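Okay, here's what each chain looks like letter by letter:
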Amino acid sequence: MKRLFLAIFLCIFPLFSLADNTINVTRGTVDPIPIAINNFRGVDPADTKIAQDVIAVISNDLKGSGIFRPISSAAFIESKIGTSHTPLFAAWQQINANLLLNGEVTKTASGKLQVKFILWDAILEKQLVSESFELSEKLWRRVAHKIADSVYSKITGYDGYFNTRIVYVSESGPYLKRVKRLALMDQDGANHQYLTNGSDLVLTPRFSPDGKKILYLSYKNRIPQVHILDLRSGKSQLLGHFPGMSFAPRFSPDGEYAIMSIAKNGATNIYEMNLRNKKVSQITEGGASINTSPSYSPDGKNIVFQSDRHGARQLFVMGRNGSNIQKISFGGGSYAEPNWSSRNFIAFTKVSRSSGFTIGVMKPDFVDGQSNERLIASGFLVEASSWAPNGRVLVFTKGSRNKGKSSNGLNRIYTIDFTGYNERIIPTPSDASDPDWSHVID
Amino acid sequence: MKEQEDKKFQRAIIVSAILHLVLLGVFFLGFPSVFEKLPEEQDVMTFEILPISELSNVKNENIVAKKAIEPEKSKEVKKSATAKKQDPTPVEPKREEKKEAVKEEEKPKDAEKIPEKEPLKKEEKKKEPEKKVEPKIEPKKEPKKEIPKPKAKPKIAPKEDDSIDSILKNLEEESVGTDSKILKKSNAEQLEGTKKTRGMEYNEDSPLSITEKSLVKSQIEKNWRPPVGNQNLKDVRVMLHMTLETDGTISNVTVIKIICPPNSDATCKLTAESAVRAVRQASPIENLPVDRYDVWKEFNLLFDPSFMDQ
């Protein structure tokens, strides 16, 4: 019997000691991941140039995300390029590359550009992604963005956001006589174009979910009114005929409705318009308070907006029909411009005496009057934030202090990761404000 | 009349002042210790060694060898053994006995003086103690130990020595090593030094030492890039099992457990991948003592990304 116990004990004891041999790893690094973007092989030597352009765009996208650090190609040891071989992983580990991107560019018989790529994990020595894109040659930048998107989403778990566009208000001219035009560009600043000629003051452009239309505010008829611009035809028209000012427009997630504020008889309330039959319904009712800056939840069932109904401007959430209004911001100062992301975060601008202008992020669900806001960016006049479609990156306006009466460098648009890391300026030809980020382009 | 009284009063004050001064003088001269820092704190150090070496499980081999030589000692110690123990995990009984023995020898004198706070200080000072211990222990021990066990003395003396100038000392004489020493020593030296006294039966089950744990930990953490910003990341835990070769090369990594909050499969997958990648990248783990290969040839790693709380 004793022996039996001893035997059992001897069997179990090593198990305990195994449990003892556990090391807790509780810290990591947030350094960007080193990635080697190898030269893409041009199947026809004539394609080498475009292959280089493609990898330059990929590299710029990945670097701009703050998640990756492209390794200089001068360090590469393996000279084989293309997608038909298994890389010599030791050579890539040698230069400390965690990831390796190989690719190949061909022109198909129909004259289209075909780019095939493989993303390798140089450490685990396995293939992570292998894909091929085919688009007309003119759209080569888009192909590059798509590849960068694939890499980004494979590594971060978030959808890529490189194949997107940003619409914003371009500003030029002297401080007191600014000319404001709507402008459209790729998320990296390329393919820049103006949408309006600057004869009227324009503000707050907002993309439709399909990226084909833009709602914006124009002073065309001397009073601010919401207009809708069709990107394909380039035509714009007034949206509805309201007696007073209409402003702060935004599309619903399905693109069927537009929501906006209309000021009437000293009160400002939120209205929703069915874009098909132009029927308008009032959502908020409030004596003399100002309810504005509405933004839909990703499922379209709720709306977040700012209101001064309790004194200072705070954020509230309500049902789509205006029911069940709940306050969600509780800090001091005033809150404005809420914007609900696809990942169920709400970005906002907060102005307080202690920290000035800040951009913050909060969850719409709160516990017992405790909001969970986190301020991620601050600066002189930071405002007007808009989410990238993946709900991870924000674009916003940041002003600089008025340098005399200078006409340039007053404000620019920046992107930032919602963790508060990696603030970057987006290059624009002149001053910029009020950006809005499109959904991913197909 | 009044003047006289004043004079008397003055004299009385002067006398009083002088007497007070004398009294103060006596106080200063007679109780110099009141104003000095008490040397007692050094005693604290003797305790500090214990938990470290206990956890580190480095010295155990010697005890095995010595056990035979000093049977009476262990007996005596057993009685008081449990009293002061700080670490509840029984690394292995024999070793503790030995340590208690050391403690025992130094304790009687200081026992009353040692205040309760000592355990608290333990963490703060890890390195200093070893140095300080030396001067203190030697004078105390020599007179004391002569009578009960002459054998014990030579055994303890080398320990004190090597904790200070570990590298210079002749390695063969060393019977007891401390953590810091092992850190400093190269693997080869280590092997040479402990080979002779090593008791085979203990290493099998003994846990990793603190030193080894932190070595592995730091080398892996340097390479770990958790998927920042992913949903519920802070609640994910990934447990890996790894097997090492003698040179520290990681020969095998397997994910043995993932604790995954609901609706975060993608996050969990990415976290697990990042963990495996970190381990692969950290290979080979450097500076692990070769002679303790049995201990660190396989162990588990628990990855906890909650520091990334977003």
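Notes on the structure follow. (Residues numbered from 1 in each chain as written. Chains lettered and ligands numbered in written order. Predicted model: local features only at pLDDT ≥ 70, side-chain atom pairs only at ≥ 80, totals over all residues. Heavy atoms only, no water.)

What to know about the overall build of chain B
What counts is decided by this rule: Put simply, DSSP marks the helices as runs of H or I at least four residues long and the strands as runs of E at least two long, and each gets a number from the N terminus on. Each residue's exposure class comes from its accessible area (1.4 Å probe, protein chains only) as a fraction of the maximum for that residue type: buried when under 20%, exposed when over 50%, partly exposed otherwise. For this analysis, residues touch if any pair of their heavy atoms sits within 4.5 Å.
The helix and strand tally for chain B stands at 15 helices and three strands. Within chain B, buried positions represent 46% of all 310 residues. Contacts in chain B between residues at least 24 apart in sequence constitute 78% of all its contacts with a sequence separation of at least 6.

Here we look at helix α2 (residues 48-65) of chain A
Residues and elements named next belong to chain A. Cut-off, in case you're wondering: Every helix has an expected span of 1.5 Å times one less than the residues it contains. Here the arc refers to the directions that run from the helix axis out to each C-beta atom.
Taking 1.5 Å as the rise per residue, α2 with 18 residues should run 26 Å; its terminal C-alpha atoms sit 26 Å apart, in good agreement. Within α2, burial applies to I50, A51, V54, I55, V57, I58, D61, L62 and S65. Here the buried residues of α2 occupy an arc of 155° about the axis, which is enough to place them on one side. Tucked into the core, α2 has its buried residues touching β2 (33-37), β4 (68-70), β5 (99-107), β6 (112-121) and α4 (140-156). Among the residues trailing α2, G66 stands out with phi positive, at a value near 80°.

Brief notes about the packing of α2(A) against α4(A)
For any two helices packed against each other, the geometry comes down to the angle between their axes and how far apart the axes lie. Residue and element names in this part refer to chain A. Put simply, the rule reads: Throughout, an axis means a line fitted to C-alpha atoms (over the contacting stretch in the case of helices), and angles, computed between N-to-C directions, take values from 0 to 180 degrees. Roughly parallel here means an angle under 35 degrees, roughly antiparallel means over 145, roughly perpendicular means 65 to 115, and every remaining angle is called oblique. When the near helix sits turned anticlockwise from the far one by under a right angle, the crossing is termed left-handed; a clockwise turn instead gives a right-handed crossing. Just so you know the grouping, Ala, Val, Leu, Ile, Met, Phe, Trp, Tyr, Cys and Pro go in nonpolar, Asp, Glu, Lys and Arg go in charged, and all remaining residues, Gly too, go in polar.
Where α2 meets α4, the closest approach of the two axes is 8 Å, and the angle between their N-to-C directions is 45°. Put simply, α2 runs oblique to α4. Where α2 crosses over α4, the two elements pack in a sense that is right-handed. Along its contact with α2, which presents I50, D53, V54, V57, I58, D61, L62 and S65, the element α4 presents W140, R141, A144, H145, I147, A148, V151 and Y152. In terms of residue class, the contact of α2 with α4 is built from 11 nonpolar, two polar and three charged.

Overview of the pattern of salt bridges
So the rule is basically this: Whenever a carboxyl oxygen of Asp or Glu lies within 4 Å of a side-chain nitrogen of Lys or Arg, that contact is scored as a salt bridge.
For the structure on display, the rule yields 19 salt bridges over all chains. Residues joined in a network through salt bridges with shared partners are A:E171, A:R178, A:K180, A:R412 and A:D431.

A few points about the pairing of strand β24 (residues 346-352) of chain A
Residues and elements named next belong to chain A. The test is simple: Paired strands, in this sense, are two strands between which DSSP finds at least two bridges.
Most of β24 sits out of view: six of its seven residues are buried. Of the strand pairs in this sheet, strand β23 (residues 334-340) and β24 are connected by five bridges, and their pairing is antiparallel. Note that in β24 the partner of Y335 across the bridge is K350. Linking β23 back to β24 in an antiparallel pair, the connection comprises five residues, with N344 at a positive phi of about 70°. The sheet contact formed by β24 and strand β25 (residues 356-362) spans seven bridges and is antiparallel. Directly across from T349, in β25, lies its bridge partner I359. Two successive antiparallel strands, β24 and β25, enclose a turn made up of three residues.

Description of the state of the cysteines
Residues and elements named next belong to chain B. This is how it is decided: Throughout, disulfides are identified as pairs of cysteine sulfur atoms within 2.5 Å of each other.
All told, the structure shown has one disulfide over all chains when counted by the stated rule. Between the sulfur atoms of C260 and its disulfide mate C268 the distance is 1.9 Å. Disulfide C260-C268: the torsion about the S-S bond is 100°, which places it as right-handed. Residue classification places C260 among the partly exposed residues on the basis of a relative accessible area of 31%.

Quick word on unusual backbone geometry
Here the amide bond leading from B:S283 into B:P284 is cis, since omega sits at -5°, within 30 degrees of zero. For A:E337, which is not glycine, the phi dihedral falls at a positive 50°. Checked against the element boundaries, A:E337 lands in strand β23. By relative accessible area, which is 27% here, A:E337 ends up partly exposed. Positive phi values are uncommon outside glycine, yet B:N287 reaches one of about 70°. Locating B:N287 in the fold gives a position in the loop between α14 (265-282) and α15 (293-296). With relative accessibility at 55%, the residue B:N287 sits in the exposed group.

Quick word on the packing of aromatic side chains
Residues and elements named next belong to chain A. The criterion, for reference: Two aromatic rings from Phe, Tyr or Trp, using only the six-membered ring of Trp, form a pair when their centres are within 6.5 Å; if the ring planes differ by under 30 degrees the pair is stacked, by over 60 it is edge-to-face, and anything between is tilted. Charge-over-ring contacts are defined here by two conditions on Lys NZ or Arg CZ: a distance within 6 Å of the ring centre and an angle within 35 degrees of the ring normal.
Taken as a whole and judged by the stated rule, the model has 14 aromatic pairs over all chains. Note on F117 and F133: the rings are 6.2 Å apart at their centroids and 20° apart in plane angle, and the pair reads as stacked. Remark: F133 occurs in strand β7 (residues 126-136) and F117 occurs in strand β6; sequence separation between them is 16 residues. Just as F117 is buried, F133 falls in that class too. Measuring from centroid to centroid gives 5.2 Å for F345 and F418, while their planes differ by 65°, and the two rings are edge-to-face. Of this pair, F345 sits in the loop between β23 and β24 while F418 sits in the loop between β29 (411-417) and β30 (424-425); the two residues are 73 residues apart in sequence, bridging distant segments of the chain. In this structure, R374 is placed above the aromatic ring of F418, and the distance from its NZ or CZ to the ring centre is 5.6 Å.

What about the nonpolar core?
Basically, it comes down to this: We call a set of buried residues a nonpolar core when its members are Ala, Val, Leu, Ile, Met, Phe, Trp, Tyr or Cys and they connect through side-chain atoms within 4.5 Å of each other.
Within the largest apolar cluster, 58 residues are counted, with the highest numbers of intra-cluster contacts made by A:F40, A:I58, A:L62, A:F68, A:L101, A:L119 and A:I147. Tallying contributions element by element places α4(A) first for this core, with eight residues. Residues within four places of A:L62 in sequence aside, it is in contact with A:I35, A:I37, A:I67, A:F68, A:A148, A:V151 and A:F162. Within the second largest apolar cluster, 30 residues are counted, among which are B:M242, B:C268, B:A282 and B:L288.

With respect to the interface of chain B and chain A
Worth spelling out the cut-off: Throughout, the accessible surface (probe 1.4 Å) given up by two parts as they are put together, summed over both, is called the buried area. Under this definition, polar contacts are N or O atom pairs within 3.5 Å; protein pairs additionally need one hydrogen-donor-capable and one acceptor-capable atom, and for neighbouring residues in sequence, both atoms have to be side-chain atoms.
With 37 residues of chain B at the interface, the matching set in chain A holds 35 residues. Taken over both partners, the interface formed by chain B and chain A buries close to 3200 Å², and the fraction arising from carbon and sulfur atoms is 53%. Between the two partners, chain B and chain A, sit one salt bridge. The partner of B:R277 in a salt bridge is A:D121, with the nearest N and O atoms 2.7 Å apart. If you look at where chain B meets chain A, you find 14 residue pairs in polar contact (both at pLDDT 80 or more). Listed by contribution, the elements that provide at least two residues to the side of chain B that touches chain A are α13 (210-221), α14 and β3 (298-303) of chain B. Of the residues forming the side of chain B that touches chain A, the biggest block, seven residues, is contributed by α14(B). Relative to β3(B), strand β1 (residues 22-25) of chain A runs parallel, the two being bridged by four bridges. Within β3(B), the residue paired with A:T22 across the bridge is B:N300.

Thoughts on the sheet that holds strand β14 (residues 236-238) of chain A
Residues and elements named next belong to chain A. Spatially, β11-β12-β13-β14 is the arrangement adopted by the four strands of the open sheet, whose pairing is antiparallel. Of all the strands in the sheet, just β11 (202-207) and β14 have a single pairing partner and so form its edges. The sheet shows a mean angle of 25° between the axes of neighbouring strands, direction not considered. One ladder, built from four bridges, connects β11 with strand β12 (residues 213-218); its direction is antiparallel. Following the sheet pairing, F207 is matched in β12 by I214.

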